[in-house]
Amino acid sequence: MTRIDESVPFIPLHIAVLTISDTRDETSDTSGALLAAMIEQAGHLLAAKAIVLDDEKEIRKQVKKWIKDPEIDVVITTGGTGFAKRDVTPEAVKPLFEKDIDGFAAVFHMVSFATIGTSTVQSRACGGMANGTFIFCLPGSPGACKDGWNGILKLQLDNRHRPCSFIEVMPRLKGLPGTKSKS
């Protein structure tokens, strides 16, 4: 059940998007562009956008940089969550997690199952938190990005979502009275 409390002012977050691919560049990065557009349509701010190769060190380096940036509230990656030899996003990112968000993967698979059926088992989508920053790793297809954003993140990253959202716990992640976001 989706409930948005319209009486509460919306808090825009600063969200970074990382595309992980050996074949994509700015002109062919449909999934990263789609995520950026959906983030901005929802009223959030695209804080940063980058593309890195399917390389554990490169992925980890970029995500670490954004985790350390006090202006970035959320990191969303797209790509590298399958089973191919070069798919190393979970291996690169999970060691950074201070806490896993196990429910993200479970709900992602439920949403994805409605779209692509049992093929959802080929995804290793995951979520976690580090240094007060939420991190979500989505598959590289535009359809999977739509499922992850529309089915989970759009609502959970909206402070007006009831009965609760990720946003209300953000101040406690860093022990601060408010979020890192500038509203």
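Residues numbered from 1 in each chain as written. Predicted model: local features only at pLDDT ≥ 70, side-chain atom pairs only at ≥ 80, totals over all residues. Heavy atoms only, no water.

## Brief notes about the nonpolar core
As a reminder, the rule being used: For the purposes of this section, nonpolar cores are sets of buried Ala, Val, Leu, Ile, Met, Phe, Trp, Tyr and Cys residues that join through side-chain atoms within 4.5 Å. When accessible area is computed with a 1.4 Å probe and restricted to protein chains, residues below 20% of their type maximum are described as buried, those above 50% as exposed, and intermediate ones as partly exposed. In DSSP terms, a helix is any run of H or I states spanning at least four residues, a strand is any run of E spanning at least two, and both are numbered starting from the N terminus. The contact criterion used throughout is that any non-hydrogen atoms of two residues lie within 4.5 Å.
If you look at the biggest cluster of nonpolar residues, it comprises 25 residues, and the most contacted ones within it are Ile76, Trp149, Leu153 and Leu157. Considering each element in turn, this core owes the most residues, 5 residues, to helix α5 (residues 142-156). With sequence-adjacent residues up to four places away left out, Leu157 is seen in contact with Leu13, Ile15, His44, Val74, Trp149, Phe166 and Ile167. With 21 residues, the next largest nonpolar core counts Val63, Trp66, Phe97 and Cys126 among its residues.

## Some remarks on the side chain of Thr81
Considering the arrangement of structural elements, one finds Thr81 in the loop between β4 (74-78) and α3 (89-93). Leaving out residues up to four positions away in the same chain, Thr81 has contacts with Asp87, Thr89, Pro90, Gln122, Ser123, Arg124, Ala125, Cys137, Leu138 and Pro139.

## Structural notes on the pattern of salt bridges
So the rule is basically this: Salt bridges are identified by distance alone: a Lys or Arg side-chain nitrogen within 4 Å of an Asp or Glu carboxyl oxygen.
Inspection of the entire model under this criterion finds 7 salt bridges. The salt bridge partner of Glu6 is Arg160, with a shortest N-O separation of 3.3 Å. Of this pair, Glu6 sits in the loop between β1 (3-4) and β2 (14-20) while Arg160 is found in the loop between α5 and β8 (161-162), placing the two residues 154 residues apart along the sequence. The exposure class assigned to Arg160 is buried, which follows from its relative accessible area of 15%.

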